[in-house]
Amino acid sequence: MSHRAHDYRHLIERWRTVARKSGVPLRRLVRADGYEHFYLRTPALTETGGIYFSAGIHGDEAGSTEALITWAERQGRKLRHLPLLLLPCLNPWGLVLNIRLNKQGADLNRSFHRTDLPVIEAVKRIVAGHQFAASLMLHEDYDGQGIYLYEVQHIPPYWGEALLKAARAHLPTDPRIWIDGRKAARGIHRRRIDKKRFEQIGYPEAVWLHFEHSARSFTVETPSEFALDRRVAAHMAVIEEVVRRVTG
Ligand SMILES: [Zn+2]
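Residues numbered from 1 in each chain as written. Predicted model: local features only at pLDDT ≥ 70, side-chain atom pairs only at ≥ 80, totals over all residues. Heavy atoms only, no water.

Caption draft 1: Quick peek at the coordination of the zinc ion. Coordination of the zinc ion by the protein is provided by His58 (ND1), Glu61 (OE), Glu61 (OE) and His139 (ND1), with metal-donor distances spanning 2.0 to 2.3 Å. Between the 4 donor atoms coordinating the zinc ion, the angles at the centre fall across 58 to 147°, so the site counts as irregular. All donors of the zinc ion belong to a single chain; written as a sequence motif, their spacing is H-x2-E-x77-H. Of the two residues, His58 and Glu61, neither departs from the other in class, the shared state being buried. (Donors = N, O, S within 2.8 Å, 3.2 Å for Na, K, Ca; no water. Tetrahedral: all angles 85-135°; square planar, octahedral: opposite > 155°, others 65-115°. Buried < 20%, exposed > 50% of the residue type's maximum accessible area, 1.4 Å probe, protein only.)

If you want it as structure tokens, here you go:
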């Protein structure tokens, strides 16, 4: 599967097959940077509860988009009975070119405070009125030495440790003490949101969701130098654990 992980057309064909088999329509989100963007909203999703999943906001993190489609393919008809909003790929232009940023050079994951980006505006439109139980953003890190995550500090008990444990059969937890310039503990960055800091660097998807739409929000990072099948399997294990905790 590795040779096609940056093939957006192929990715969307796979999502069309998921849509057909599950009975959950693949809906058009927006056209931006020369590509149609899509989303799926299962009939089981109501305004309160459920899970927001997104992948591919950074184009050089193909393990994220590959994991979400592979997980969805394995659900079959069951997918429609899970309460989900699925964003299969928020930066197709970047995915095709293996570039983190969008066509205008914007980091979409630092842009949720902006009102001039069609993709961000479209996501805000479809999410309006929703309050999710959890949101999971799938990412990758080329400096990663294992899997790690950011968990917004909000409501205990926290889930971060359990999510990494679920992935451990596929990837070790990143052993670094300093990750992305900040201190982590056993693969987990967990802090209260410093609003001022994000007003300076720009709002990530997880921070926007935390403030407006989600009780829990997680950004999961797999190491992009590791084999794709392991990164995909690790992300899928985390997805599965979040689904189990929200719906179980
Ligand atoms: Zn990323």
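That covers the picture; the talk isn't over yet.
Caption draft 2: Spatial organisation of the pattern of salt bridges. According to the stated counting rule, one finds 17 salt bridges in the structure shown. The shortest N-O distance in the salt bridge between Arg28 and Glu36 comes to 2.6 Å. Judged by relative accessible area, which is 25%, Glu36 ranks as partly exposed. Across the pair Arg231 and Glu140 runs a salt bridge, and its minimum N-O distance is 2.7 Å. Here Arg231, found in helix α8 (residues 228-247), pairs with Glu140, found in strand β5 (residues 132-141); they are 91 residues apart in sequence, far enough to count as distant. For the pair Arg231 and Glu140, one class covers both residues: buried. Overlapping salt bridges, with partners in common, bring together Arg14, Glu66 and Glu73 in one network. (Salt bridge = Lys/Arg side-chain N within 4 Å of Asp/Glu carboxyl O. Helix = DSSP H or I, 4+ residues; strand = E, 2+ residues; numbered from the N terminus.)

Caption draft 3: A look at α8. Over its 20 residues, α8 runs 28 Å from end to end, which matches the ideal 28 Å to within 8%, given 1.5 Å per residue. Those residues of α8 lying buried are Leu228, Arg231, Val232, Ala234, His235, Met236, Ala237, Val238, Ile239, Glu241, Val242 and Val243. Buried residues belonging to α8 abut β3 (51-55), α2 (62-75), β5, α5 (160-167) and β10 (214-223). (Expected span 1.5 Å × (residues − 1). Contact = heavy atoms within 4.5 Å.)

Caption draft 4: Quick peek at the layout of surface pockets. The volume enclosed by the largest pocket comes to roughly 730 Å³. Taken together, 35 residues line the largest pocket, and the ones lying closest to its centre are Arg110, Tyr150, Asp180, Thr219 and Glu221. Those elements giving two or more residues to the lining of the largest pocket turn out to be β5, β6 (148-152), β9 (188-191), α6 (195-201), α7 (205-212) and β10. Of the residues contributing to the lining of the largest pocket, the split by class is 11 nonpolar, 6 polar and 18 charged. (1 Å grid on protein atoms, 1.4 Å probe; cavity = no way out; pocket = protein on both sides within 12 Å on 5 of 7 lines; lining within 4 Å. Points joined across faces, edges and corners; volume = space filled by probe spheres on them. Nonpolar A, V, L, I, M, F, W, Y, C, P; charged D, E, K, R; others polar.)

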